[in-house]
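Here are the chains, one letter per residue:
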Amino acid sequence: MSNELIENIDKVHTTAMGRPEFDDIKDYAEFSKYYWYRDELIKICRAHGLKAPSGKIELNKVIEAYFSGEKILPDRKRAGRKEKTVAIDLTSETGLIECGFTFGNRFREFFSRQTGEENFKFNVDMVATVKAVKENGDESFTLGDLLDIYYGKKIYAVYDKSALQWNRFVKDFCADDATKEYGERLKVAAKLWSIVRDSDMEKKYSKELLEKYRDRL
């Protein structure tokens, strides 16, 4: 530890203890007196509707601009565009939007190395999260955050399992010869599904289910 650091150790802030709230700070000079963790900077930017990039240097630049009266806003349109991106080295700190994330082989291989899973597969919550991150233009979300989604350490967006359940339900409904008597089978399937969906019953089709609720179809 350098002599200069030792001499000024009482001026170094490593926790939020005794630190004012962000909204009580008057200018960037005062803000810079305190130590801020990356996650804190991200939360500050999000809370004030500012762009929240993944890097700490970029985050500080956004906040410095904020104190100067300039609001650097998230690029909402960027997530909806298909852009050609320059291939960059992938690390846990790499921003998901920054690297142009897709569910292709390059990113599958990255997560395979991170998890040790030779045949790595993205789970449904990862798919839902990527969609939400891109829709939100959330540039602070990293590949490391997505890895936490895989391990269940974080929740960002949850896959709507009801759509999958409905697809299986209607497939099994139409595969049953007993349903061929109905002219508009999809409409009948939808009515039966609504009964099952709003109940405590297992979300699956069965012949017994059809017989039980036939008079309501």
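All figures in this text were calculated on a predicted structure; none of them were measured in a lab.

A. Spotlight on the overall build of the chain. Along the chain, the regular secondary structure elements total 10 helices and 0 strands. Mapped from its N terminus to its C terminus, the chain presents α and β elements in the order α-α-α-α-α-α-α-α-α-α. Look at the contacts in the chain between residues 6 or more apart in sequence, and 48% of them connect residues 24 or more apart.

B. Structural context of the pattern of salt bridges. Under the defined criterion, the tally for this structure stands at 14 salt bridges. Among the ionic pairs, Arg 214 bridges to Glu 211, the shortest N-O distance being 2.6 Å. A relative accessible area of 26% means that Arg 214 is categorised as partly exposed. Given the relative accessible area of 46%, Glu 211 is considered partly exposed.

C. Spatial organisation of helix α9 (residues 185-197). An ideal rise of 1.5 Å per residue puts 18 Å on 13 residues; α9 measures up with 18 Å between its terminal C-alpha atoms. Contacts made by the buried residues of α9 are with α8 (161-175) and α10 (207-212).

D. Molecular detail of the packing of aromatic side chains. Within this structure, the stated rule accounts for 25 aromatic pairs. We note Arg 19 situated over the ring of Trp 36; from NZ or CZ to the ring centre the distance is 3.9 Å. Of note, Arg 106 hangs over the ring of Phe 107, and the distance from its end group to the ring centre comes to 5.4 Å.

Calculation rules
- For every chain, the first residue of the written sequence is number 1, and numbering continues from 1 onward in sequence order.
- Local features in this predicted model are restricted to residues whose pLDDT is 70 or higher, and side-chain atom pairs enter the listing and the counts only when it is 80 or higher, whereas totals over whole chains, interfaces and linings include all residues.
- Values reported for side chains reflect all heavy atoms of the structure, with hydrogen atoms and water molecules removed beforehand.
- In this description a helix means any DSSP run of H or I spanning at least four residues, a strand means any run of E spanning at least two, and both kinds are numbered starting from the N terminus.
- Should any heavy atoms of two residues lie within 4.5 Å, those residues are counted as being in contact.
- Criterion for a salt bridge: a side-chain nitrogen of Lys or Arg within 4 Å of a carboxyl oxygen of Asp or Glu.
- For the exposure calls, accessible area comes from a 1.4 Å probe over protein chains only, and a residue counts as buried if that area is under 20% of its type's maximum, exposed if over 50%, partly exposed in between.
- Every helix has an expected span of 1.5 Å times one less than the residues it contains.
- Any two rings among Phe, Tyr and Trp, with Trp reduced to its six-membered ring, count as a pair given centres within 6.5 Å; such a pair is stacked if its planes are under 30 degrees apart, edge-to-face if over 60, and tilted if neither.
- In this analysis the charged atom, NZ for Lys or CZ for Arg, is taken to sit over a ring once it is within 6 Å of the ring centre and within 35 degrees of the ring normal.

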